[in-house]
Amino acid sequence: MTPHDQNGPHARPPADPRTSWATWTTQSIISGPGGVTTSEVGPISGDLTVHTTWVDGEARLTVQYTGALDWYTVAGSPVPAADETTARAIHQAMVNGVKAGRGATAPAPPAG
């Protein structure tokens, strides 16, 4: 965005985080031993799909058995995420957590 964009006749207001959103899905992750801990049914493991929605300043993490209909909330979700970049990093950390297993829960927000 140029200074003209910020102050000119076609100025765009800054994005309101309450109206911004993004979503990521990573399919067919083979969980490590112990899988992922969910709020609804406890630990699940096997071939899993992780879905993250960033909205209202938080990353909402869910997991399902790949190809199933039911989604489960990852224990510890939602995670505060001030911006899309942070939410994407949380999603990737969750994917890595699923691969590691050990009853993975939602990651802490990145320090910064």
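Calculation notes
Residues numbered from 1 in each chain as written. Predicted model: local features only at pLDDT ≥ 70, side-chain atom pairs only at ≥ 80, totals over all residues. Heavy atoms only, no water. Core = buried A, V, L, I, M, F, W, Y, C linked by side-chain atoms within 4.5 Å. Buried < 20%, exposed > 50% of the residue type's maximum accessible area, 1.4 Å probe, protein only. Helix = DSSP H or I, 4+ residues; strand = E, 2+ residues; numbered from the N terminus. Contact = heavy atoms within 4.5 Å. Expected span 1.5 Å × (residues − 1). Polar contact = N/O pair within 3.5 Å; in protein donor to acceptor, adjacent residues only side chain to side chain.

Named according to an unreviewed UniProt entry, the chain is DUF317 domain-containing protein originating from Streptomyces sp. Y1.

> Tell me about the nonpolar core, and name the residues and values.
Membership of the largest hydrophobic core comes to 22 residues, with the highest contact counts inside it found for V36, V50, L61, V63, V74, M94 and V98. Among the secondary structure elements, those contributing two or more residues to this core are strand 1 (21–30), strand 4 (47–55), strand 5 (58–65) and helix 2 (84–100). Per-element tally for this core: the top contributor is helix 2, with five residues. In this view, V74 contacts V36, T37, T38, S39, L61, T62, V63, M94, T105 and A106; residues no more than four positions away in its chain are not counted.

> Let's hear about helix 2: which residues, and what values?
Residue pairs spaced three or four apart in an α-helix point in one direction, given the helix's 3.6 residues per turn. The end-to-end C-alpha distance of helix 2 is 24 Å, a good match for the 24 Å that 17 residues give at a rise of 1.5 Å each. The set of residues buried in helix 2 consists of T86, A87, I90, H91, M94, V95, G97 and V98. Those residues of helix 2 that are buried lie in contact with strand 1, strand 2 (36–38), strand 4, strand 5 and strand 7 (79–80). Sitting at the head of helix 2, D83 places a side-chain oxygen 3.3 Å from the backbone nitrogen of T85. Once helix 2 ends, the next one or two residues include G101, with phi positive near 80°.

> Quick rundown of unusual backbone geometry? Include the residues and the values.
Here S77 and P78 are connected by a cis peptide whose omega angle stands at 5°. In this structure, P78 sits in the loop between strand 6 (72–73) and strand 7. With a phi close to 55°, D56 is a non-glycine residue in the positive phi region.

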